[in-house]
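Single-letter residue listing:
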Amino acid sequence: MPELTFLDAISRGLWEEMEADPTVFLMGEDIGAYGGAFKVTKGFLEKFGPGRVIETTLSEEGFVGAAIGAAYTGLRPVVEFQFIDFIACAFDMIVNVAGTSRYRWGKGVPVTFRGPWGAGGRAGPFHSRSIEMWFAHSPGLKVVAPATPSDAKGLLKACIRDNDPCIFLEHKHLYRRIKEEVADGSPAIPLGRARVVRPGEDLTIVTYGMMLHRTMEAVAALEGRSIEVLDLRTIYPLDRAAVVESVKKTGKVMTVTEDTRTGSIAGEIAAVLCEEAFEHLDGPVVRVTSPDVPIPFAPTLEDAVLPSVKDIAGAADRLLRY
Amino acid sequence: MNGRDSSRALDLYRRMLLIRRCEEQLARGHQRGLIHGACHTYVGQEAVAAGVCAQLGAEDVVFSTHRGHGHALAKGVPPRELFAELLGRATGCSRGRGGSMHLFAPEVGLMGTSGIVGPCILQAAGAAYTFKLRADGRVAVAFFGDGAVNNGAFHEGLNMASIWKLPVVFVCENNQFATEVPFSYSAGNPDVASRGAAYGLPGVAVDGNDVLAVDVAAEEAVRRAREGGGPTLLECRTYRTRPHSEGMPDFTYRTREEVEEWKARCPLARLRVKLLEGGTPRNWRRSRRKSRGPSRTPRSSPRKVPGPTRPPRPRTSTRSRGSCPRRPSAPLARSRSCRPPSRR
Ligand SMILES: Cc1ncc(C[n+]2csc(CCOP(=O)(O)OP(=O)(O)O)c2C)c(N)n1
Ligand SMILES: [Mg+2]
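Every value quoted in this text rests on a predicted model; they were computed, and no experiment measured them. (Residues numbered from 1 in each chain as written. Chains lettered and ligands numbered in written order. Predicted model: local features only at pLDDT ≥ 70, side-chain atom pairs only at ≥ 80, totals over all residues.)

Asks: Explain the overall build of chain B to me, please; I cannot follow it from the model alone.
Replies: Within chain B, the secondary structure is distributed over 13 helices and seven strands. When each of the 344 residues of chain B is scored for burial, the buried share is 52%. In chain B, of all internal contacts separated by at least 6 residues, the share reaching a separation of at least 24 is 76%. (Helix = DSSP H or I, 4+ residues; strand = E, 2+ residues; numbered from the N terminus. Buried ≥ 20, exposed ≤ 12 C-beta atoms within 10 Å, placed from the backbone. Contact = placed C-beta atoms within 7 Å.)

Take a look at the structure:
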């Protein structure tokens, strides 16, 4: 089995879907000869040609609108945003037009919107955001945020095959930092299911994206404690059952998100637990998040804003002793 | 050149030299790992910022884009505040929170550079609306690249400015590439200046590597705006001779020869030749003494940025700048020697 980086796995997933389904095509800025800002589509132009690897103009709203039109008429566009922050430029097209289509007209829009998200790269306020909740809150859209190469590949395939619009988030800090063996032709992984990364008895930590890796480091630092770690993988639809099942066993839940505090998925998880597992809770639901500020440029500030391994371990330790 | 012309030309030369030297230092700082994140330099395009900003007063405003160091310097942001920003220091013009793409210095009329391509065009139109309503004779300028002219913001902004006859100048720096995508591929109509006609406003194309030509074209556009004649679209045809962003590969989408060809059309070298045609300009020494800034600043390096080396405190408030005590190190901002003279 080939060992793939997070980035290679995404690339492979795209490649295999394009080989398998001639209606799948790519749109995005600099994705052609240049292979994309992060090189996810390197070699695609040569293999699939300019008809299926479309170099777009610098006009997000424009090409997203066009992608939706193509999706209505039988194609499956995969749209890359050079940085996921720029998806904001196409907001209306996604939340109003694509997101509500199935409910309004009974017609799904099979478009996948993908791109690099997240902080840690000293990229400043317009190239570092966590945008998952803009779309998780908007009915009709699915939001996926994998943390490992195999999940990235399998979930991307599921997004492309889905008959409704999906937002697929690729944490740019993970692109070249993690590796895993992933089989060629590996299957799609169903959307909407969390994964138990590590079983435990005393505390459940729910997280996703780059924070999964920080959480695992924190858990390793708290050796001897029995902590269950749940990787959401899909932000919406939220796998409520998996969270509830876990808390029935551990009685305590902590969430770790890179996303800012107010309105993050952490609040939704706390609400779900209150509704569906209140009698199983042995302590408050604790949120470890970034504060409600944009991601700053200065390395010192950026590091201060993001939850650190120490922050996570400290909060977990306090909750365990609650 | 007569005396007046040559002192004008010297002023433009100095502005360009300041930008060139600063960019070279910043690029070096990036290579040495002192500067993080993206760093889009302005090398090769200096004539545009210098020529346009020379026509602006301190009260006029500029909205810029991701490649904004040159606009910031030309509008009067002290180099030290620019350097400090890229180094992530509290003494930077955005207190280290923004970095290369988010420069802000309203006190000199730099109303912000932006890491998102496009909106500067709309914001300049909005600022021009303020000036029109107040009838205060101020002018707004938007700088943007050829990539931005295929964005909706360009079309919407030009049309609004046209129907409301706003005092704004839209300066397209057509350096022929958006990252690596050639404008000849991305533009249905690659003649940017002619697009002005689509919205009923004058469009002027000018050699963007000839600062004197930019100066003349900008003079007319700014005068038109100031006198109530409405907006102008100014297309400056130019080229960036460094990679899109520091550290990126450069010869996959364009050839070494093409870059060398454009280096030979360096706006500084071209003006230098003109300046020296009649021997050393007579007023060189005098005018140099008058505004000593640029010729000395360029020697600074990222390591030597004065002021506290202390990084910004990890304060995370989103309080607006207005309510924040601004820059205790005021002398930096005020150091007159670094600021180009405002208007002629
Ligand atoms: C809305 C938006 N989309 C994409 C980008 C990514 N991006 C940054 S610079 C750039 C190319 C811009 O080209 P141009 O406007 O010609 O300016 P130049 O870099 O040539 O100065 C792109 C696509 C962005 N910053 N903002
Ligand atoms: Mg360009």
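That was the structure; now back to the text.
Asks: Explanation requested: the overall build of chain A in the structure shown.
Replies: Looking only at helices and strands, chain A has 12 helices and 14 strands in total. Here chain A has a C-alpha radius of gyration of 19 Å; the compact-globule value for 322 residues is 20 Å, and the two agree. Expressed along its principal axes, the backbone C-alpha trace of chain A runs to roughly 60 × 40 × 40 Å. A sequence separation of at least 24 residues applies to 80% of the contacts in chain A between residues at least 6 apart. (Rg over C-alpha atoms; globule rule 2.2 N^0.38 Å.)

Asks: Please explain the pairing of strand β6 (residues 203-207) of chain B as it appears in this structure.
Replies: Within a regular beta strand, the side chains point alternately toward one face of the sheet and then the other, so they alternate between its two faces. Residues and elements named next belong to chain B. Sheet analysis places β6 next to strand β7 (residues 232-237), joined by five bridges and oriented parallel. By the bridge assignment, Ala-205 is partnered in β7 with Glu-235. Considered for its hand, the β-α-β crossover made up of β6, helix α8 (residues 211-226) and β7 is right-handed. (Pairing = 2+ DSSP bridges. Right-handed = clockwise from strand over helix to strand, strands pointing away.)

Asks: Can you help me understand the interface of chain A and chain B in this one?
Replies: Quite often, the size of an interface is put as the accessible area lost when its parts meet. Contacts between the two partners involve 26 residues from chain A and, on the opposite side, 31 residues from chain B. At the level of secondary structure, the elements contributing two or more residues to the side of chain A that touches chain B comprise α3 (60-72) and α11 (299-305) of chain A. Per-element tally for the side of chain A that touches chain B: the top contributor is α11(A), with five residues. When its residues are assigned to classes, the side of chain A that touches chain B shows 16 nonpolar, six polar and four charged. (Nonpolar A, V, L, I, M, F, W, Y, C, P; charged D, E, K, R; others polar.)

Asks: So what exactly am I meant to see when it comes to the site of ligand 1 here?
Replies: The environment of ligand 1 is formed by 21 residues, the closest being B:Arg67, B:Val117, B:Gly145, B:Gly147 and B:Ala178. In the shell around ligand 1, the residues fall into eight nonpolar, nine polar and four charged. (Near = placed C-beta within 6 Å.)

Asks: Hey, could you run me through the confidence of the model for chain B in this one?
Replies: Note that predicted coordinates carrying low pLDDT should not be read in detail. All names here are of chain B. Scored by pLDDT, chain B comes out at a mean of 87, with 81% of its residues at no less than 70. Here residues 291-299 is modelled with pLDDT under 50, and outside its nearest four sequence neighbours on either side it reaches 20 contacts, counting other chains as well. For this predicted complex, the interface confidence score (ipTM) comes to 0.94, while the overall pTM stands at 0.91. (pLDDT = per-residue confidence, 0-100.)

Asks: How do you make sense of helix α12 (residues 309-320) of chain A when you look at a structure like this?
Replies: In an α-helix there are 3.6 residues to a turn, and that puts residues three or four apart on one side. All names here are of chain A. The terminal C-alpha atoms of α12 lie 16 Å apart, and with 12 residues this matches the ideal 16 Å at 1.5 Å per residue to within 8%. What α12 keeps buried is the set Ile-312, Ala-316 and Leu-319. Along the long axis of α12, the arc covered by the buried residues comes to 65 degrees, so they all point the same way. Facing away from the buried side of α12, by more than 90 degrees, are the exposed residues Lys-310 and Arg-318. Each element contacted by the buried residues of α12 is listed here: β10 (203-207), α8 (210-221), β11 (227-231), β13 (253-260) and β14 (286-290). (Expected span 1.5 Å × (residues − 1). Arc of directions from axis to C-beta.)

Asks: What should I look at first to understand helix α7 (residues 149-161) of chain A in this one?
Replies: End to end, α7(A) covers 19 Å across 13 residues, agreeing with the expected 18 Å (1.5 Å per residue, within 8%). Regarding α7(A), the residues found buried are A:Pro149, A:Asp151, A:Ala152, A:Lys153, A:Gly154, A:Leu155, A:Leu156, A:Lys157, A:Ala158, A:Cys159 and A:Ile160.

Asks: Would you mind showing me how to read the domain arrangement of chain A here?
Replies: All names here are of chain A. According to the domain assignment, chain A contains domain 1 (3-181) and domain 2 (195-320). On a C-alpha basis, the centroid separation for the pair domain 1 and domain 2 is 26 Å. Among the elements of the structure, α6 (132-136), β6 (142-144) and α7 are those that each provide at least two residues to the side of domain 1 that touches domain 2. In terms of residue class, the side of domain 1 that touches domain 2 is built from 11 nonpolar, seven polar and five charged. (Domains from an automatic or database assignment.)

Asks: Even after reading the chapter, I still don't get the sheet that holds strand β2 (residues 140-145) of chain B, so can you show me in this structure?
Replies: Hydrogen bonds along the backbone pair up the strands of a sheet, which may run parallel or antiparallel. All names here are of chain B. Ordered by their spatial adjacency, five strands build an open sheet running β1-β2-β3-β7-β6, and the pairing between neighbours is parallel. Edge positions in the open sheet fall to β1 (61-63) and β6, since each of these has one partner strand only. Adjacent strand axes in the sheet meet at a mean angle of 20 degrees, parallel and antiparallel pairs treated alike. Here helix α5 (residues 119-134) sits on the sheet in contact with β1, β2 and β3 (168-174), set at roughly 175 degrees to β2. (Axes fitted to C-alpha atoms, helices over the stretch in contact; angles between N-to-C directions.)

Asks: Help me out: how do you make sense of the sheet that holds β14(A) in this one?
Replies: All names here are of chain A. Within the open sheet, the five strands sit side by side as β9-β11-β10-β13-β14. Their pairing is mixed. Sheet topology places β9 (195-198) and β14 at the edges, where each strand pairs with a single neighbour. The average undirected angle you get between the axes of adjacent strands in this sheet is 25 degrees. Here β10 runs beside β13; their pairing, made up of four bridges, is parallel. Bridge pairing in β13 places Ile-205 opposite Met-254.

Asks: Just checking my understanding: could you explain the pairing of β13(A) for this structure?
Replies: Residues and elements named next belong to chain A. Within β13, seven of the eight residues are buried, leaving the element largely enclosed by the surrounding structure. Summarising the sheet, β13 and β14 pair through four bridges and their orientation is parallel. Considered in β14, the bridge of Val-256 is made with Val-288.

Asks: Teacher, can you tell me more about unusual backbone geometry here?
Replies: Outside of glycine, negative phi angles account for most residues, and trans bonds account for most peptide bonds. Note the cis peptide between A:Tyr236 and A:Pro237, where omega equals 0 degrees. By the secondary structure assignment, A:Pro237 is in the loop between β12 (234-236) and α9 (240-250). Phi angles above zero are rare outside glycine, and B:Gln176 is one such case at about 80 degrees. Here B:Gln176 falls in the partly exposed class, since 19 other C-beta atoms lie within 10 Å of it.

Asks: For this particular structure, what's the right way to read the environment of B:His66?
Replies: Residues and elements named next belong to chain B. Structurally, His-66 can be placed in the loop between β1 and α3 (69-75). When the C-alpha atoms of His-66 and Arg-272 are compared, they prove to be 29 Å apart, with 206 residues separating the residues in sequence. Each residue touching His-66, except ones within four places of it in the same chain, is listed here: His-40, Met-101, Thr-113, Ser-114, Gly-115 and Val-117.

Asks: I'm lost on the environment of A:Thr100 in this one. Help?
Replies: Tracing the sequence through the fold places A:Thr100 in the loop between α4 (91-98) and α5 (101-105). Considered as a pair, A:Thr100 and A:Asn163 are 63 residues apart in the sequence and their alpha carbons are 13 Å apart.

Asks: It is not clear to me how the packing of α3(A) against α4(A) should be interpreted in this structure. Could you clarify?
Replies: The description of two helices packed together rests on the angle between their axes and the distance between the axes. All names here are of chain A. Packing of α3 against α4 brings their axes to within 8 Å, and their N-to-C directions diverge by 25 degrees. Judged by the inter-axis angle, α3 sits roughly parallel to α4. Residues Glu-61, Val-64, Gly-65 and Ile-68 of α3 pack against Met-93, Ile-94, Val-97 and Ala-98 of α4. Across the contact of α3 with α4, the residue classes tally to six nonpolar, one polar and one charged. (Parallel < 35°, antiparallel > 145°, perpendicular 65-115°, else oblique.)

Asks: Just checking my understanding: could you explain the nonpolar core for this structure?
Replies: Looking at soluble globular proteins, one finds that nonpolar side chains tend to be buried together. Ranked by internal contacts, the top residues of the largest apolar core, which has 181 residues, are B:Ala124, B:Val141, B:Ala142, B:Val168 and B:Val171. Looking at this core, you find at least three residues from each of domain 1 (3-181) and domain 2 (195-320) of chain A. Sequence-distant contacts of B:Val171, that is, excluding residues within four places in its chain, are made with B:Val48, B:Val52, B:Val141, B:Ala142, B:Phe143, B:Leu234 and B:Cys236. (Core = buried A, V, L, I, M, F, W, Y, C linked by C-beta atoms within 7 Å.)

Asks: What exactly am I supposed to notice about the packing of helix α2 (residues 46-53) of chain B against α8(B) here?
Replies: Residues and elements named next belong to chain B. Where α2 meets α8, the closest approach of the two axes is 8 Å, and the angle between their N-to-C directions is 40 degrees. Note on packing geometry: the crossing formed by α2 with α8 is right-handed. Contacts between α2 and α8 pair Ala-47, Val-48, Ala-50, Gly-51 and Val-52 from the former with Val-211, Val-214, Asp-215 and Ala-218 from the latter. Tallied by class, residues from the contact of α2 with α8 come to seven nonpolar, one polar and one charged. (Left-handed = near helix turned anticlockwise from the far one by under 90°.)

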